[in-house]
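Tertiary structure, described
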Amino acid sequence: KNEVEQSPQNLTAQEGEFITINCSYSVGISALHWLQQHPGGGIVSLFMLSSGKKKHGRLIATINIQEKHSSLHITASHPRDSAVYICAVNSGGGADGLTFGKGTHLIIQP
Amino acid sequence: EPEVTQTPSHQVTQMGQEVILRCVPISNHLYFYWYRQILGQKVEFLVSFYNNEISEKSEIFDDQFSVERPDGSNFTLKIRSTKLEDSAMYFCASTPHRLATSEQYFGPGTRLTVT
């Protein structure tokens, strides 16, 4: 069973700061997902990674398969980035569900 | 943009009652999932569904739970004889392909409160 750990659990930063959220997992995976959950509860997929690096706007996600580690970076952070960021992994190759981390609660202050 | 929809947004039920949570996945998606999130805890996988049958289920998904795709659009989660500890947010999700190659699209969730 895969264990997914995220750090930090909580992060408060000032607007404009560069943000890094880390995720590690215990067992090899087929893909890693970064998700965003807003206070209303809705979950949005940000990235799906199986290797390397992806970038969408101010968000960058990287993964190191050998080290079983991924990072999510936010450049030029903004108060609207405030949310819970969740790392989740897919360990199987079929229709297996995701295994989730506990999430990182990010607050960006103006 | 196509989206996953769920109804109702909030369901209150008494302990011991049966509830059905409904989801309409994105129309050309093939894989369907239910997850739950107890307040303050992490999201947990319940079940995946593909080709009209359960593909995988977690330890949580015991005989109290069942899923069905009664027609070409709806995907339902039935919880029989609800317990207080079933109170949670339930998310439906779908993907066009296997999760190893696809992002997952989540519905807005149904908040279930068991009293």
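Residues numbered from 1 in each chain as written. Chains lettered and ligands numbered in written order. Predicted model: local features only at pLDDT ≥ 70, side-chain atom pairs only at ≥ 80, totals over all residues. Heavy atoms only, no water.

1. Overview of the overall build of chain A
The helix and strand tally for chain A stands at zero helices and 11 strands. Going from N to C terminus, chain A has its helices and strands arranged as β-β-β-β-β-β-β-β-β-β-β. Over its C-alpha atoms chain A spans a radius of gyration of 13 Å, differing by no more than 12% from the 13 Å that the globule rule assigns to 110 residues. In terms of principal-axis extent, the alpha carbons of chain A reach across some 40 × 30 × 20 Å. Long-range contacts, defined as pairs at least 24 residues apart, comprise 54% of the intrachain contacts of chain A with a sequence gap of at least 6. (Helix = DSSP H or I, 4+ residues; strand = E, 2+ residues; numbered from the N terminus. Rg over C-alpha atoms; globule rule 2.2 N^0.38 Å. Contact = heavy atoms within 4.5 Å.)

2. Some remarks on the nonpolar core
Soluble globular proteins tend to pack their nonpolar side chains together in the buried interior. Leu32, Trp34, Leu72 and Tyr85 of chain A are the most contacted members of the largest nonpolar core, which totals 23 residues. Only β3 (19-25), β4 (31-37), β5 (43-49), β7 (59-64), β8 (69-74), β9 (83-90) and β11 (104-109) of chain A provide two or more residues apiece to this core. (Core = buried A, V, L, I, M, F, W, Y, C linked by side-chain atoms within 4.5 Å. Buried < 20%, exposed > 50% of the residue type's maximum accessible area, 1.4 Å probe, protein only.)

3. What about the sheet that holds β3 of chain A?
Residues and elements named next belong to chain A. Across the sheet, five strands lie side by side as β1-β3-β8-β7-β6; this open sheet has antiparallel pairing. With partners counted over all chains shown, the strands left at the sheet margins are β1 (4-7) and β6 (52-56), one partner each. Looking at each pair of strands side by side, their axes are set apart by 15 degrees on average, direction ignored. By the bridge criterion, six bridges tie β7 to β8 in an arrangement that is antiparallel. The residue of β8 that forms the bridge with Leu59 is Ile74. (Pairing = 2+ DSSP bridges. Axes fitted to C-alpha atoms, helices over the stretch in contact; angles between N-to-C directions.)

4. What to know about the environment of Thr113 of chain B
Residues and elements named next belong to chain B. Among the secondary structure elements, Thr113 is positioned in strand β11 (residues 110-114). Look at Thr113 and you get partly exposed, because its relative accessible area is 26%. Separated by 29 residues in sequence, Thr113 and Leu84 have C-alpha atoms that sit 7.9 Å apart. Sequence-distant contacts of Thr113, defined by excluding residues within four places in its chain, comprise His10, Gln11, Val12, Thr13 and Ser87. Within the local environment of Thr113, its side chain forms a polar contact with the side chain of His10, the two groups lying 3.0 Å apart. (Polar contact = N/O pair within 3.5 Å; in protein donor to acceptor, adjacent residues only side chain to side chain.)

5. Describing the side chain of Thr95 of chain B
All names here are of chain B. Within the secondary structure, Thr95 sits in strand β9 (residues 88-95). With relative accessibility at 0%, the residue Thr95 sits in the buried group. Apart from the residues lying within four places of it in its own chain, the contact partners of Thr95 are His29, Leu30, Tyr31, Tyr33, Ser102, Glu103 and Gln104.

6. Looking at the environment of Pro8 of chain B
Residues and elements named next belong to chain B. For Pro8, the location among the structural elements is in the loop between β1 (5-7) and β2 (10-13). Overall, the relative accessible area of 27% leaves Pro8 in the partly exposed class. Through-space distance from the C-alpha of Pro8 to that of Arg22 is 7.2 Å; in sequence the pair is 14 residues apart. If sequence neighbours within four positions are ignored, Pro8 has contacts with Gly109 and Thr110.

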